[in-house]
Amino acid sequence: MLQHLTIPRGPIDLAADLYLPDSIDDAAPLRAVVLSTPGSSVKEQIGANYASRLAARGIAALVFDPAHQGQSGGEPRDLEDPYRRGEDISYAIDALSTIPGIDPERIGVLGICAGGGYAVHTARTDHRIKAVGTVVPSNMGTSFRSFQPDGASVALDTMADARIEETRSGELTRVNWLPDTLEEAEAVGLTDIDTTQAITYYRTERGRNEHSTNRRLSRGDSMLLGYDAYHLVDQLMTQPLQVILAGRIGNTGSYESGMQLWKLAPNPVDLMVIDGAGHYEMYDEPEYVDDAVDRLVNFYSNNL
């Protein structure tokens, strides 16, 4: 069963979908999971693939569009603010906790790719989250810092100058998350398998969604450069942790990030590496997603 929800978030609303098991025992409140999805994605994409499968296995699953993105409110559009992404998760838990039939004491989180880092960062200080599941988790701060050829501090100087110019002109700059086509990627020398698979997922009929713009507001990049999703995890994130990784190690950094998280966490419970899978194949390839969900269901059943 699928229910469309509107989640109050201060002066704006978040658009969300709640997936529920087809058969519900009114006498037994449901375990539930809030999904935190990859950067640039919307609720109908990767989140729906996992949420629908969790619901089919008896776990309620809520997936939402982040503030400033998709069908959620918030201006300016296309802002990727890592701190607001964490707040979004907490607002989603607020809403989920009030829904009849959901047990507010058995709510977990599932973070995928960048959403894995956001979920972890939120769970450190929001202990209403009782279990933390991650699939190919990424620390967006580490990723963005690694992209800067002259270092993060030089990049921040450049961004400061650009924001001054934006303020003077009144025109906001947006950049692509990915090349819009494989041809554009090839023209700039991006032919590696991970970039190719990312474009094939996000920008073709395989996974494209009209509400996913593939654009990022440039002025948010300075926040990403200063962000560390795993800060104080070793001290504060005491919840049970599951890490699921793609076995083919590519250039996304998610394998290394997941292993770092596993070593930092005070309560690591389950580590799974799916042989043969690439990072973006964990988004929608049934063989790999089903394997991950089987393990996630076991984790949540034991820890929620």
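Everything numeric here is computed off the predicted structure, so don't read it as measured data.

**Student:** Explanation requested: the packing of aromatic side chains in the structure shown.
**Tutor:** Any aromatic ring pair is given by two values, namely how distant the centres are and how the planes are angled relative to each other. Applying the stated criterion across every chain yields a total of eight aromatic pairs. A centroid spacing of 5.6 Å and a plane angle of 80° characterise the contact between Y201 and Y283, whose relative ring orientation is edge-to-face. One end of the pair, Y201, is in helix 7 (residues 193-202); the other, Y283, is in helix 11 (residues 281-284), and 82 residues separate them in sequence. Side by side, Y201 and Y283 carry an identical accessibility label, which is buried.

**Student:** Which parts of the structure should I look at to understand helix 5 (residues 152-169)?
**Tutor:** Since the α-helix advances by 3.6 residues per turn, residues separated by three or four positions end up pointing in the same direction. Between the first and last C-alpha of helix 5 there are 25 Å, a value that for 18 residues agrees with the 26 Å anticipated at 1.5 Å per step. After helix 5 finishes, the residue G170 shows a positive phi value of roughly 75°.

**Student:** Explain unusual backbone geometry to me, please; I cannot follow it from the model alone.
**Tutor:** Generally, phi is negative for residues other than glycine and the peptide bonds are trans, each holding for most cases. Cis geometry is found at the peptide bond from E75 to P76, where omega equals 0°. Tracing the chain through its elements places P76 in the loop between strand 4 (60-64) and helix 2 (82-97). Phi is positive for L232, close to 65°, though the residue is something other than glycine. Mapped onto the elements, L232 comes out in the loop between helix 8 (221-225) and helix 9 (233-236). Residue class for L232 comes out partly exposed when judged on its relative accessible area of 29%.

**Student:** Would you explain the pairing of strand 5 (residues 102-112) in this entry?
**Tutor:** Looking down a regular strand, the side chains alternate between one sheet face and the other. Burial analysis of strand 5 places eight of its eleven residues in the buried class, the great majority of the element. By the bridge criterion, six bridges tie strand 3 (residues 30-36) to strand 5 in an arrangement that is parallel. Considered in strand 5, the bridge of S36 is made with G111. Where strand 5 lies against strand 6 (residues 129-135), five bridges are found, and the strand directions are parallel. Residue pairing for strand 6: I107 is matched across the bridge by I129.

**Student:** Just checking my understanding: could you explain the sheet that holds strand 4 for this structure?
**Tutor:** Picture the strands of a sheet paired through backbone hydrogen bonds; they go either parallel or antiparallel. The mixed open sheet is built from eight strands, whose spatial order is 1-2-4-3-5-6-9-10. The two strands at the open ends of the sheet, each matched to only one other strand, are strand 1 (2-9) and strand 10 (268-274). Each adjacent strand pair in this sheet contributes to an overall mean axis angle of 25°, direction not counted.

**Student:** Sorry if this is basic, but what is going on with the packing of helix 1 (residues 46-56) against helix 12 (residues 286-303) here?
**Tutor:** What describes two packed helices is the angle between their axes and the distance between those same axes. Running from N to C, helix 1 and helix 12 point in directions that differ by 50°, and their axes come no closer than 10 Å. The angle between helix 1 and helix 12 falls in the class oblique. Seen from above, helix 1 lies across helix 12 with right-handed handedness. Contacts from N49, Y50, R53 and L54 in helix 1 reach P286, V289, D290, A292, V293, L296, V297 and Y300 in helix 12. Among the residues making up the contact of helix 1 with helix 12, the classes are represented as nine nonpolar, one polar and two charged.

How each quantity is defined
Residue numbering note: each chain is counted from 1, following its sequence as written. Confidence filtering applies because this is a predicted model: local features only for residues at pLDDT of at least 70, side-chain atom pairs given and counted only at 80 or more, and all residues used for totals across whole chains, interfaces and linings. Side-chain figures throughout are based on the complete set of non-hydrogen atoms in the structure, without hydrogens or water. Note on ring pairs: Phe, Tyr and Trp rings are taken, using the six-membered ring of Trp, and paired if centres are within 6.5 Å. Classes follow the plane angle, with under 30 degrees stacked, over 60 edge-to-face and the rest tilted. Numbered from the N terminus, helices here are DSSP runs of H or I no shorter than four residues, and strands are runs of E no shorter than two. Residue burial is assigned from relative accessible area. The probe radius is 1.4 Å, only protein chains are included, and a residue is buried under 20% of its type maximum, exposed over 50%, and partly exposed in between. To estimate the expected span of a helix, subtract one from its residue number and multiply by 1.5 Å. Pairing between two strands requires that DSSP report at least two bridges joining them. Each axis is a line fitted through C-alpha atoms, taken for helices only over the stretch in contact, and angles between the N-to-C directions span 0 to 180 degrees. An angle below 35 degrees is read as roughly parallel, one above 145 as roughly antiparallel, one from 65 to 115 as roughly perpendicular, and any other as oblique. Left-handed describes a crossing in which the near helix is turned anticlockwise from the far one by less than a right angle; the clockwise case is right-handed. It only takes one pair of heavy atoms within 4.5 Å for two residues to be counted as in contact. Three categories are distinguished: nonpolar for Ala, Val, Leu, Ile, Met, Phe, Trp, Tyr, Cys and Pro, charged for Asp, Glu, Lys and Arg, and polar for the others, with Gly belonging to the last.

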